[in-house]
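# Structural overview for review
Here is what each chain is made of, one letter per residue.
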Amino acid sequence: EIPKKQWAQVIEKTGGPVEYKEIDVQQPGPDEVLINIKYSGVCHTDLHAVNGDWPLPTKLPLVGGHEGAGVVVARGELVKDVEIGDYAGVKWINGTCLACDFCQQADEPLCPKALLSGYTVDGSFQQYCIAKAAHVARLTKDMDLAAVAPVLCAGITVYKGLKESGARPGQTVAIVGAGGGLGSLAQQYAKAMGLRVIAIDTGDEKKKMSIEQLGAAEFVDFAKSENVVKDVQAATEDGLGPHAVILVAVNEKPFQQAAEYVRPRGTVVCIGLPAGAYLRAPVFETVIKMVTIRGSYVGNRKDSAEALDFFRRGLIKAPFKVVGLSELQSVYDKMVKGEIAGRYVLDTTK
Ligand code: 8ID
Ligand code: ZN
C-alpha cells in the first residue's frame, strides 16, 4: 500500500523556486526507515537552504524540510527498535556515523559525516521521507502530529540552547526573535524550566502572543525602542540585565548588541544563522563582566528525547497555523517579511 509516486516540494537550483510536483517514493536502506509524513513544520533554515545563504552547499535537486512528524511504513533489515506503525519524527540531524569522537561523546550534531534532513539529504516536504533509524525521533501515540512537528527542530534547538546557557530556575533569560518559530518555543521551554522571560521582537501580534499566550514577563519591541540595550536591562528586576540571552533572530544587529546588555557573569547563546553575519562584543565589557559567548546547534538524541518529553507532558503549547504542503511558497513569502507569529505547519495531504 506504499504508493510509487508522491507529492513533494522540490527545488532544482539554489534561489528556487520551490515546485510542487509528483516524484518517486524511495526505498529505505538497511539502517533506515520510511516515514509517511503527516505534518511538517517550516523552519527559517529551509528558507536559508532555498536562498543558499550559508557557506555549506545543499544537495540538488532538493526536497527541504526537517520537522516532519508521521508514521513508520517501512524499515530496512537492520532496524530492530522501530516498528511499522510507530509514530516517528524526522529531525535536522538525519543520521551520523555513531563512531567518531563527537558521536561517542553525544555531540552527534558535530559529527563530520552528519546527514542533514532537507539540506544534504531529502527532507520532510514530501509524503514519504527516509531517515536513519538511529536518529529518528521516537514519538508516542498520544502526540498530536501537527503540534509536535515544530518541536522536532525548533523545540529541540531552543531546549538545548537554554541548557547551554546555564541559566537556573528563578533567573531571567532574554529571547531575541521571541515571536518567531524558535522564539515562541523558547518562551515555552524557558517558562517550563522555571525561568523568567524577556521577549524581544516587534509588532503587536507578537507582543500579545508573548505576554498572553506564552507567559513572557516583559516584551521589548526592538523597532520601537530607542535604546534596546537600556530597555532590556530595565526589564530585569535589578536593572543589571538578563542572566542569559538566547539569540534566535535572523538579523545581524542583535548579535552585536547582546554582550552589552547581558548581566555580569551572563551567557550569550547564538542560535540564529543570519546570512554572512558576524558577532561583535566590546572587549572591555566582555572581560570585566566575565561574559560568555557561545554557539548552540540543534541537540543530540537525548536532548531530542527530553525536549519531546516536555511536549508530551503538556508543558509546551506554542501557536501554529496549518496550511497545505502545496502552499509552502506563501509561507516563505510571509517569513521573509517577518510576518509569522509562531510556526507554520504543512499538511502533506493538501
Ligand atoms: O541549531 C541551530 N542553531 C538552529 C536550528 C534551527 C534554526 C538555528 N536555526 C536558525 C534558523 O536558520 C534561523 O536563522 O534560527 C533562526 C530562526 O529560525 P526561525 O525561528 O524559524 O525564524 P523566524 O520564525 O523567521 O523567526 C525570526 C524572528 O526574529 C525576529 C523576527 O521578527 C522573527 O520573529 N527578529 C529579527 I528578523 N530581527 C530581530 C531583532 N533585531 C528580531 N527579533 C529581535 N530583534
Ligand atoms: Zn530548523
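Further up the page is the structure itself.
Computed from a predicted structure; not experimentally measured.

Two cysteines joined by a covalent bond between their sulfur atoms form a disulfide. In this structure the tally under the stated criterion is zero disulfides. Take Cys-103: it sits in no disulfide, and the sulfur closest to it among the cysteines is that of Cys-100, at 3.8 Å.

Let's shift gears to empty space enclosed by the protein. Over the atoms rolls a probe the size of a water molecule, and its path tells where empty space is left. All told, the structure shown has two cavities of 30 Å³ or more when counted by the stated rule. The space that makes up the largest cavity amounts to roughly 60 Å³. What lines the largest cavity is simply Gln-9, Ile-11, Val-18, Asp-46, Ala-49, Val-50, Leu-62, Gly-64, Phe-125, Leu-328 and Tyr-332. Broken down by secondary-structure element, the contributors of at least two residues to the lining of the largest cavity are strand E1 (5–11), helix H1 (44–51) and helix H11 (328–336). Element by element, the count of residues in the lining of the largest cavity is highest for H1, at three residues. Quantified by volume, the second largest cavity comes out at close to 40 Å³. Every residue lining the second largest cavity is listed: Lys-91, Trp-92, Ile-93, Leu-152, Cys-153, Ile-156, Val-298, Gly-299 and Ser-304.

Under the defined criterion, the tally for this structure stands at 23 salt bridges. Salt-bridge contacts for Lys-160 lead to Glu-164; the nearest nitrogen and oxygen are separated by 3.9 Å. Remark: Glu-164 and Lys-160 occur in helix H4 (residues 154–165); sequence separation between them is four residues, near one turn of the helix. Taking relative accessible area as the criterion, Glu-164 reaches 25% and is therefore assigned partly exposed. Measuring nitrogen to oxygen at the nearest pair gives 3.6 Å for the salt bridge that ties Lys-350 to Asp-347. Residue class for Asp-347 comes out buried when judged on its relative accessible area of 7%. Several salt bridges share partner residues, and in doing so they unite Lys-160, Lys-163, Glu-164, Arg-294, Asp-303 and Glu-306 into one network.

About the criteria used
- Residues numbered from 1 in each chain as written.
- Chains lettered and ligands numbered in written order.
- Predicted model: local features only at pLDDT ≥ 70, side-chain atom pairs only at ≥ 80, totals over all residues.
- Heavy atoms only, no water.
- Disulfide = S-S within 2.5 Å.
- 1 Å grid on protein atoms, 1.4 Å probe; cavity = no way out; pocket = protein on both sides within 12 Å on 5 of 7 lines; lining within 4 Å.
- Points joined across faces, edges and corners; volume = space filled by probe spheres on them.
- Helix = DSSP H or I, 4+ residues; strand = E, 2+ residues; numbered from the N terminus.
- Salt bridge = Lys/Arg side-chain N within 4 Å of Asp/Glu carboxyl O.
- Buried < 20%, exposed > 50% of the residue type's maximum accessible area, 1.4 Å probe, protein only.

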